Amino acid sequence: MIITSNLKSSRLLGSTLLVSGLLLASAAQAQISTPAASPKSTVMQRVGLTDITITYSRPGVKGRPVFGDSTTKAIVPFGQRWRTGANNTTSIKFSDDVMVEGKKVPAGEYGLYTIPGKTSWVMVLNKSTKQGADVKGFKDADDVARFTVKPYALANKVETFTIGFSDITPATANVEILWDKTGAKFKVMSDVDSKVMAQIDEKVIKNSSASANDMAAAAVYYYDNNKDLKQALTWIQKANEKDPKFWNVHTEAKIRMKMKDYKGAVTAAEQSKKLATEAKNTDYVKLNEGIIADAKKAGKM
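Under an unreviewed UniProt entry, the name given to the protein chain is DUF2911 domain-containing protein, and the organism recorded is Hymenobacter taeanensis.

This is the structure in structure tokens:
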């Protein structure tokens, strides 16, 4: 009995030592996590109906010269290819086909490379997103688009390298690259009209039972983009016959105003104002009052 007990104790001790050893080995292999010198960032912007996603790393100036010639020991020497950030290559992804500075770029993800200069920057979208610092292994044959832009001086110093979006419209946006005292940007254009018109064709024009919401949306798009106002008026009237909402009746007033049907504009605006008052929406009450005043003045009513 004593021998059996000693054997059990020995086995238990051996198992404990084995587990302890494995835990120590695992702990020794674990790496210490520290903040990255150039942290990773992702920015996304919808332009029209297209999503644009940019993933990049953000180095800091840290008292160093950033852009310059060979005599300045700059981080980014003029005339040399740059991964447009730190660590991995900066990537830019388009969910749909777009135009970048007038050049057609298919939907997909690309490496964003730049060749900064004192008076001009060459921007390159390339199929490779894996070059990293190895810009000498770059293959020009894999370029998807290449264009030149002019850099500009920033009013305020940007310590941390930044890529973002500016000057956003329903179909366009500028991608801005900002660092230290220098900025550069390029325009991306999304093909909105053909996509929206295809939807209108399917859901409204060729649909005998189009919903009030779809007809109203089509009318607003025609109004905003200076298309066939008579057709827009027909759609919004049908939408309002089915389900008059103060915002849709207000759209009818705006369309009539643009068509110079001032009497009709007043009538629609007064109806919209009444509905908005009942809904306690003071913003639309004021908007309709503005149309009524403008229509009466223009029509000398």
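Back to the text.
(A) Broad picture of the overall build of the protein chain. Per the secondary structure count, the protein chain includes seven helices and twelve strands. Here the C-alpha coordinates of the protein chain stretch approximately 105 × 75 × 40 Å along the principal axes. The buried share of the protein chain, reckoned over its 301 residues, is 37%. Of the roughly 17800 Å² that the protein chain leaves accessible, carbon and sulfur atoms contribute 53%.

(B) Inspection of the sheet that holds strand β7 (residues 103-105) at higher detail. Taken in spatial order, the four strands line up as β7-β6-β12-β11 in an open sheet, and their pairing is antiparallel. If you trace the sheet from one side to the other, it starts and ends with β7 and β11 (152-166), each paired once. Within the sheet, the average angular offset between the axes of one strand and its neighbour, ignoring direction, is 40°. Where strand β6 (residues 98-100) lies against strand β12 (residues 172-190), three bridges are found, and the strand directions are antiparallel. Looking at β12, one finds that valine 100 is bridged to valine 188.

(C) Region of interest: the pairing of strand β9 (residues 121-126). Among the six residues in β9, five count as buried, and that is most of the element. In sequence, strand β8 (residues 108-115) turns back onto β9 through a hairpin of five residues. Note: β9 against strand β10 (residues 143-149), six bridges, orientation antiparallel. Residue pairing in the sheet places methionine 123 in a bridge with phenylalanine 147 of β10.

(D) Structural view of the environment of threonine 282. Looking at the element boundaries, threonine 282 is found in helix α7 (residues 282-298). A relative accessible area of 53% places threonine 282 in the exposed class. Along the chain, threonine 282 and valine 122 lie 160 residues apart, while their C-alpha atoms are 51 Å from each other.

(E) Inspection of the side chain of threonine 84 at higher detail. Within the secondary structure, threonine 84 sits in the loop between β4 (76-77) and β5 (91-94). For threonine 84, a relative accessible area of 0% puts it in the buried group. Polar contacts involving the side chain of threonine 84 include one to the side chain of threonine 114, which spans 3.1 Å. Apart from the residues lying within four places of it in its own chain, the contact partners of threonine 84 are Thr90, Leu112, Tyr113, Thr114, Phe161, Ile163 and Ile177.

(F) A look at the packing of aromatic side chains. Across all of its chains, the model carries twelve aromatic pairs by this definition. Through a chain of ring-to-ring contacts, the aromatic side chains of Tyr56, Phe67, Trp82, Trp121, Phe161 and Trp179 assemble into a single cluster. Sitting over the ring of tyrosine 152, lysine 185 keeps its end group 5.7 Å from the ring centre.

(G) Seen up close, the nonpolar core. By size, the foremost hydrophobic cluster in this structure holds 32 residues, and its most contacted members are Ile92, Phe94, Val100, Leu125 and Phe186. For this core, the secondary-structure elements that each account for two or more residues are β2 (50-57), β5, β6, β8, β9, β10, β11 and β12. Per element, the largest residue contribution to this core is seven residues, and it comes from β12. Contacts of valine 100, omitting those with residues within four sequence positions, involve Phe94, Val105, Leu125, Phe147, Phe186, Lys187 and Val188. With 20 residues, the next largest nonpolar core counts Tyr221, Tyr222, Leu233 and Ile236 among its residues.

(H) Spatial organisation of the packing of helix α6 (residues 262-278) against α7. Taken N-terminus to C-terminus, the directions of α6 and α7 make an angle of 160°; their axes are 9 Å apart at the nearest point. In this view, α6 runs roughly antiparallel relative to α7, as classed from their interaxial angle. As α6 packs across α7, the resulting crossing turns out to be left-handed. On α7, the residues touching Tyr262, Ala265, Val266, Ala269, Glu270, Ser272, Lys273, Ala276 and Thr277 of α6 are Tyr284, Val285, Asn288, Glu289, Ile291, Ile292, Ala295, Lys296 and Ala298. Partitioning the contact of α6 with α7 into residue classes produces eleven nonpolar, three polar and four charged.

Criteria and thresholds
Residues numbered from 1 in each chain as written. Predicted model: local features only at pLDDT ≥ 70, side-chain atom pairs only at ≥ 80, totals over all residues. Heavy atoms only, no water. Helix = DSSP H or I, 4+ residues; strand = E, 2+ residues; numbered from the N terminus. Buried < 20%, exposed > 50% of the residue type's maximum accessible area, 1.4 Å probe, protein only. Areas by Shrake-Rupley, 256 points an atom, 1.4 Å probe, with all protein chains shown as cover. Pairing = 2+ DSSP bridges. Axes fitted to C-alpha atoms, helices over the stretch in contact; angles between N-to-C directions. Polar contact = N/O pair within 3.5 Å; in protein donor to acceptor, adjacent residues only side chain to side chain. Contact = heavy atoms within 4.5 Å. Phe/Tyr/Trp six-rings, centres within 6.5 Å; stacked < 30°, edge-to-face > 60°. Lys NZ or Arg CZ within 6 Å of the ring centre and 35° of its normal. Core = buried A, V, L, I, M, F, W, Y, C linked by side-chain atoms within 4.5 Å. Parallel < 35°, antiparallel > 145°, perpendicular 65-115°, else oblique. Left-handed = near helix turned anticlockwise from the far one by under 90°. Nonpolar A, V, L, I, M, F, W, Y, C, P; charged D, E, K, R; others polar.

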